[in-house]
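Understanding the architecture of this molecule
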Amino acid sequence: TRSFGNTDFEFDDLHVAVFVEAGGDYYFEELVQAANTAPTWNETEGCWDFNVKLSKTNGPRRLHLIGNYPDLTMGFGEEGQLVGRLITNKQEDGHDVYWNCVEVTKIDEGFEQKVQKVPLVRNYVKIGVNVKADVWDYFQMTGYALYHVPQWGTVAPYNSTYGSFANFVTNTGTCKSYQDM
């Protein structure tokens with residue numbers, strides 16, 4: 001489920017994993033932990049504020065933003081092997097983990113103006129039950145239960161068949177509809 005509009009969560013940290021393109025694939029370059037400059041939710045802007053100091057580059061980079069992942073470390077490898085295999089277990093970790101990926105042409109002096117707000121998604125489902133009004137004439141709902149609920153999940157929605165990550169965000173920074181995905 002996407003985290004758009006949710007403010008009822010704790011956001012403890014943010015890491016940016018930087019990947020460089022080589023031969024059509026993206027390989028790990030550096031992992032940077034962001035400094036949280038506003039430890040509470042910013043109601044006015046509708047976002048959490050973080051500062052990240054990344055190394056300057058002359059070429060394109062793919063940035064994976066990963067929030068609330070405990071003890072995140074990475075070594076050399078391709079992004080699908082590293083980010084695509086990160087797993088989380090909310091019961092054990094106690095956190096929702098958030099993720100998104102941003103591609104940039106280069107990291108330079110004007111970089112911070114280009115990447116202002118990046119919406120993050122979480123790979124957990126949020127379930128609600130809506131009942132049509134006319135159903136109440138015949139049934140009384142007393143509750144609902146979920147079966148076959150997974151205990152863990154991947155941080156980033158990675159499709160190993162196609163070698164790509166899902167994209168839930170439009171170019172304007174809003175959440176895509178289910179029909180657009």
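Let me begin by describing the structure that accompanies this report.

Conventions and cut-offs
Residues numbered from 1 in each chain as written. Predicted model: local features only at pLDDT ≥ 70, side-chain atom pairs only at ≥ 80, totals over all residues. Heavy atoms only, no water. Helix = DSSP H or I, 4+ residues; strand = E, 2+ residues; numbered from the N terminus. Pairing = 2+ DSSP bridges. Contact = heavy atoms within 4.5 Å. Polar contact = N/O pair within 3.5 Å; in protein donor to acceptor, adjacent residues only side chain to side chain. Core = buried A, V, L, I, M, F, W, Y, C linked by side-chain atoms within 4.5 Å. Buried < 20%, exposed > 50% of the residue type's maximum accessible area, 1.4 Å probe, protein only. Salt bridge = Lys/Arg side-chain N within 4 Å of Asp/Glu carboxyl O. Phe/Tyr/Trp six-rings, centres within 6.5 Å; stacked < 30°, edge-to-face > 60°.

1. Here's the deal with the environment of His 95
- Mapped onto the elements, His 95 comes out in the loop between α2 (90–93) and β7 (98–104).
- The spacing of His 95 and Gly 67 is 28 residues in sequence and 9.6 Å in space, taken between C-alpha atoms.

2. Some remarks on the sheet that holds β7
- With respect to topology, five strands assemble into an open sheet ordered β2-β1-β5-β7-β8, the strand pairing being antiparallel. Every other strand in the sheet has two partners, leaving β2 (25–33) and β8 (121–122) as the edge strands with one partner each.
- As paired elements, β7 and β8 share two bridges and run antiparallel to each other. Each residue of the ladder has a partner; that of Trp 99, found in β8, is Val 121.

3. So, the side chain of Asp 13
- Inspection of the secondary structure puts Asp 13 in the segment before β1 (14–22).
- If near-sequence neighbours (up to four positions away) are discounted, Asp 13 is found in contact with Gln 33, Phe 50, Ile 66, Gly 67, Asn 68 and Tyr 69.

4. Some details on the side chain of Arg 61
- The residue Arg 61 is located in strand β5 (residues 61–67) in this model.
- Among the polar contacts made by the side chain of Arg 61, one reaches the side chain of Glu 29 at a distance of 2.7 Å.
- A polar side-chain atom of Arg 61 sits 3.4 Å from the main-chain carbonyl oxygen of Gly 59.
- Here Arg 61 is in contact with Val 18, Phe 19, Val 20, Tyr 26, Glu 29, Val 102, Glu 103, Val 104 and Ile 107, once residues within four sequence places are set aside.

5. Here we look at the nonpolar core
- Core analysis: the biggest nonpolar cluster contains 18 residues, and Phe 19, Ile 66, Met 74 and Trp 99 have the highest contact counts within it.
- Breaking this core down by element, the ones donating at least two residues are β1 and β2.
- Residues within four places of Ile 66 in sequence aside, it is in contact with Asp 13, Leu 14, His 15, Leu 72, Met 74, Leu 86, Val 97, Tyr 98, Trp 99 and Val 155.
- Ranked by size, the runner-up nonpolar core spans 17 residues in total, among them Val 32, Leu 54, Leu 63 and Phe 111.

6. Quick look at the pattern of salt bridges
- According to the stated counting rule, one finds four salt bridges in the structure shown.
- Where Glu 29 meets Arg 61, a salt bridge forms, and the shortest distance between an N and an O atom there is 2.7 Å. Here the residue Glu 29 occupies a position in strand β2, and Arg 61 occupies one in strand β5, the gap between them amounting to 32 residues.
- Exposure remark for Arg 61: the relative accessible area of 11% places this residue in the buried category.
- Notably, a salt bridge pairs Arg 62 with Glu 103, separated by 2.9 Å at the nearest N-O pair. On the criterion of sequence distance, the pair formed by Arg 62 in strand β5 and Glu 103 in strand β7 is long-range, its members being 41 residues apart.
- Accessibility expressed as a relative area gives 15% for Arg 62, which makes it buried.

7. A closer look at the packing of aromatic side chains
- Following the criterion strictly, the structure yields four aromatic pairs and no others.
- Measuring from centroid to centroid gives 5.8 Å for Tyr 27 and Phe 76, while their planes differ by 5°, and the two rings are stacked. Within this pair, whereas Tyr 27 is found in strand β2, its partner Phe 76 is found in the loop between β5 and α1 (79–82), the two being separated by 49 residues in sequence.
- Ring geometry for Tyr 158 and Phe 165: centres 4.7 Å apart, planes at 55°, overall tilted.
- By relative accessible area, which is 25% here, Tyr 158 ends up partly exposed.
- Classification of Phe 165 as buried rests on a relative accessible area of 15%.
- These aromatic residues form a ring-pair network of at least three members: Trp 99, Tyr 158 and Phe 165.

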